[in-house]
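Structural overview for review
Listed below, chain by chain, are the residues.
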Amino acid sequence: YKRQSLSRSRTTLAQNRTRHMETLTQFLIDWGYWGLFFSALIAGSVVPFSSEAVMLVLVHMGLDPVLCVVSAASGNTLGGMSCYWIGTLGKSEWITRLGVKEKQLDKARRFLAGRGAMMAFFSFLPTIGEAIAIVLGLMRSNVWITAVAMFVGKLLRYVAIVAALQGVLSWF
């Protein structure tokens, strides 16, 4: 009986989380470009969130794809730079408390070994992107080069997403 109760409470918790995410996503969609900016900022930080879903809905609703891409890339870069700032604090144990695994940090360190701030371009990558930004902060890479490289990488990623959406929509 105790196992069934625990299973039901986990299911209820998961359903509540899903409802909260749906509510947040709808709220951000209602805010248009600013909502997209904030959703991308959240997604670019250490908090798991999908700004792509918000962007795709907004583009499908008829908002300007170029402004959507610029809003998303700007917000995501700012979120990524928050990870960079976390890295400048210099304490790996603080970083792991934020949900970034030591394994991700090690993978990012190996990826960045002998390379500089231009590697921030790859911070758009899923799972390791936040770790790349954090390690660049730990390494004290040039903040301006890091920000520009990060923006370009994230911008190109969002351009690819919108281009793929536009291509798929043209089929219908």
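Residues numbered from 1 in each chain as written. Predicted model: local features only at pLDDT ≥ 70, side-chain atom pairs only at ≥ 80, totals over all residues. Heavy atoms only, no water.

**Description of the pattern of salt bridges**
Rule in force here: Basic side-chain nitrogens of Lys or Arg form a salt bridge, by our definition, when they fall within 4 Å of a carboxyl oxygen of Asp or Glu. Under the scheme used here, helices are H or I runs from DSSP no shorter than 4 residues and strands are E runs no shorter than 2 residues, and both carry numbers assigned from the N terminus. For each residue, the accessible area found with a 1.4 Å probe, counting protein chains only, is set against the maximum for its type, and the residue is called buried under 20%, exposed over 50%, and partly exposed in between.
Under the defined criterion, the tally for this structure stands at one salt bridge. The salt bridge partner of Arg-157 is Glu-52, with a shortest N-O separation of 1.7 Å. Highlighted residues: Arg-157 in helix α8 (residues 143-169) and Glu-52 in helix α3 (residues 51-60), separated in sequence by 105 residues. Arg-157 sits in the buried class, given a relative accessible area of 18%.

**Overview of helix α4 (residues 65-88)**
What counts, and what does not: Here, expected helix span is obtained from the residue count minus one, scaled by 1.5 Å.
Between the first and last C-alpha of α4 there are 34 Å, a value that for 24 residues agrees with the 34 Å anticipated at 1.5 Å per step. Looking one or two residues past α4, Gly-90 carries a phi angle of roughly 80°, positive in sign.

**Concerning the environment of Val-152**
Here Val-152 shows up in helix α8. Remark: the alpha-carbon pair of Val-152 and Ala-73, spanning 79 residues in sequence, is separated by 8.2 Å.

**A few points about the side chain of Ser-45**
We count it as follows: Each polar contact in these results corresponds to two N or O atoms within 3.5 Å; when the atoms are within protein, one needs to be able to donate a hydrogen and the other to accept it, and residues that are neighboring in sequence are counted only if both atoms are side-chain atoms. Should any heavy atoms of two residues lie within 4.5 Å, those residues are considered in contact.
Among the secondary structure elements, Ser-45 is positioned in the loop between α2 (32-44) and α3. A residue is classified by how much of its surface remains accessible, and Ser-45, at 12% relative accessible area, is buried. One polar contact links the side chain of Ser-45 to the main-chain carbonyl oxygen of Ile-42, over a distance of 2.7 Å. Discounting residues that sit within four places of it in the chain, Ser-45 has contacts with Gly-79, Ser-82, Cys-83 and Glu-130.

**Re the packing of α2 against α4**
Spelled out, the test is: Axis definition: a line fitted to C-alpha atoms, limited for helices to the stretch in contact. Angles are taken between N-to-C directions and run from 0 to 180 degrees. Angle categories are assigned with fixed cut-offs, so that under 35 degrees is roughly parallel, over 145 is roughly antiparallel, 65 to 115 is roughly perpendicular, and the rest are oblique. Two helices cross in a left-handed way if the nearer one is turned anticlockwise from the farther one by less than a right angle. They cross in a right-handed way if the turn is clockwise.
In contact at an axis separation of 7 Å, α2 and α4 are set at 30° when each is read in the N-to-C sense. Here α4 runs roughly parallel to α2, going by the angle between their axes. Read as a crossing pair, α2 and α4 show a hand that is right-handed. Of α4, the residues touching α2 (which contributes Tyr-33, Leu-36, Phe-37, Ala-40, Leu-41, Ala-43 and Gly-44) are Leu-67, Cys-68, Ser-71, Ala-72, Ser-74, Gly-75, Asn-76, Leu-78, Gly-79, Gly-80 and Cys-83.

**Regarding the packing of aromatic side chains**
Heads up, the condition is: Stacked, tilted and edge-to-face are the three classes applied to pairs of Phe, Tyr and Trp rings, where Trp contributes its six-membered ring and a pair requires centres within 6.5 Å; stacked means planes under 30 degrees apart, edge-to-face means over 60, and tilted covers the rest. We call a charge positioned above a ring when the Lys NZ or Arg CZ atom is no farther than 6 Å from the ring centre and deviates by at most 35 degrees from the ring normal.
Summed over the entire model, instances satisfying the criterion amount to five aromatic pairs. By way of ring pairs, the aromatic residues Trp-34, Phe-37 and Phe-38 are connected into one cluster. Here Arg-157 stacks its cationic end above the ring of Tyr-158, 4.8 Å away from the centre of that ring.

**Some remarks on the packing of α4 against helix α7 (residues 129-138)**
The N-to-C vectors of α4 and α7 enclose an angle of 40°; their axes lie 6 Å apart at closest approach. Classified by the angle their axes make, α4 and α7 are oblique. As α4 runs across α7, the sense of the crossing is right-handed. Touching Gly-80, Cys-83, Tyr-84, Gly-87 and Thr-88 of α4 are Glu-130, Ala-133, Ile-134, Leu-136, Gly-137 and Leu-138, all from α7.

**Let's talk about the environment of Trp-144**
Relative to the helices and strands, Trp-144 is located in helix α8. Along the sequence, Trp-144 and Ala-117 sit 27 residues apart, while their C-alpha atoms lie 8.7 Å from each other.

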